[in-house]
Amino acid sequence: MLELTQQITDITGKAGGSWGISLFDLNNEESWGQNEHRPFYAASIIKIPIMIAVFAAAERKEVNLKDTLILEQEDIVGGCGVLQHMTPGIRLTIEDLVTLMIIQSDNTATNMLIDFLGAQEIQQTMKDIGLRQSNFFHKMMIGQRDSRRMNVVTADEMTVMLKNLYHGRIVSEYASSQMLQILKKQQIRDSLPSKIRHLDKATGNLHWELANKTGNVPGIRHDIGLFSVGERVIAVSVLSEGADDFTSAGTIGEIGLMIHKYLAQSL
């Protein structure tokens, strides 16, 4: 992993800004971090803990994922997602809202789930799964944020969360599997996998997969996920702040390409 981590250190240094990165190789248990304990504004990365809170409530039989919520006019917010363009009054299952929240980063779906669960439920779930520095305070698209009560995550805690999800330790083995399947359906692929999608022929059609979630607002860009090539799997969290938005997107894409090569070479 030494060559990989040196490459990542070099490219993030050239990109500017602040970077929090954590890697954990699930095959040989090697790990590496750079500013991995530094809290970053979470942006849409916080949607994974919200998903976990929904599945935890379902596991306790407090929520049925097939139950429906009504989209109200006051629920609608901008940013990512299709629900802002839908007609108020439609019903969506909780399961579908979770899917939209993850694979399209739908802010309206996210806020509906936050209102349904309550902030305390999400905060308690984050504590229950071992998140100590990462925290949840507010909904999406709220405008001015109180700097003392911001949604934050650390790269280290996100990687540990992903590792536990992979091993079936988040909520239950079945719930972990269901959440991973949702993450694998991710439609926002402009960061970690952005430079890999055309490599299949060059790598002999090696099967690769990424179960991931992005998060970005101006000046902040993140991507975290479970990256696999064949039987090789790595949990990766890349958080960035202060770099030019175009540069940060390209840099995270290069990191994804480096990780792909690392996994492919060690098959």
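Residues numbered from 1 in each chain as written. Predicted model: local features only at pLDDT ≥ 70, side-chain atom pairs only at ≥ 80, totals over all residues. Heavy atoms only, no water.

## A word on the packing of helix α2 (residues 47–59) against helix α4 (residues 107–117)
At a closest axis distance of 11 Å, the pairing of α2 and α4 adopts a crossing angle of 45°. Here α2 is positioned oblique relative to α4, judged by the angle of their axes. As α2 packs across α4, the resulting crossing turns out to be left-handed. When α2 is examined against α4, the residues K47, I50, A53, V54 and A57 are found in contact with a partner set consisting of N107, T110, L113, I114 and L117. Class assignment for the residues of the contact of α2 with α4 results in 7 nonpolar, 2 polar and 1 charged. (Axes fitted to C-alpha atoms, helices over the stretch in contact; angles between N-to-C directions. Helix = DSSP H or I, 4+ residues; strand = E, 2+ residues; numbered from the N terminus. Parallel < 35°, antiparallel > 145°, perpendicular 65-115°, else oblique. Left-handed = near helix turned anticlockwise from the far one by under 90°. Contact = heavy atoms within 4.5 Å. Nonpolar A, V, L, I, M, F, W, Y, C, P; charged D, E, K, R; others polar.)

## Quick look at the environment of I76
Secondary-structure assignment places I76 in the loop between β4 (68–70) and β5 (91–93). Taking the C-alpha atoms as reference points, I76 and Q7, separated by 69 residues in sequence, lie 42 Å from one another. Once you skip the residues sitting within four places of it in the chain, I76 turns out to touch L71, L83, Q84, M86, P88 and T108.

## Some points on the nonpolar core
By size, the foremost hydrophobic cluster in this structure holds 57 residues, and its most contacted members are M51 and V98. Every element with two or more residues in this core is listed here: α2, α3 (94–103), α4, α5 (119–128), α6 (155–166), α7 (173–184), β8 (220–229) and β9 (232–241). If you tally residues by element for this core, the top one is α2, at 9 residues. Judged by nonpolar contacts, the second largest core, of 25 residues, contains L192, V236, I252 and L257. (Core = buried A, V, L, I, M, F, W, Y, C linked by side-chain atoms within 4.5 Å. Buried < 20%, exposed > 50% of the residue type's maximum accessible area, 1.4 Å probe, protein only.)

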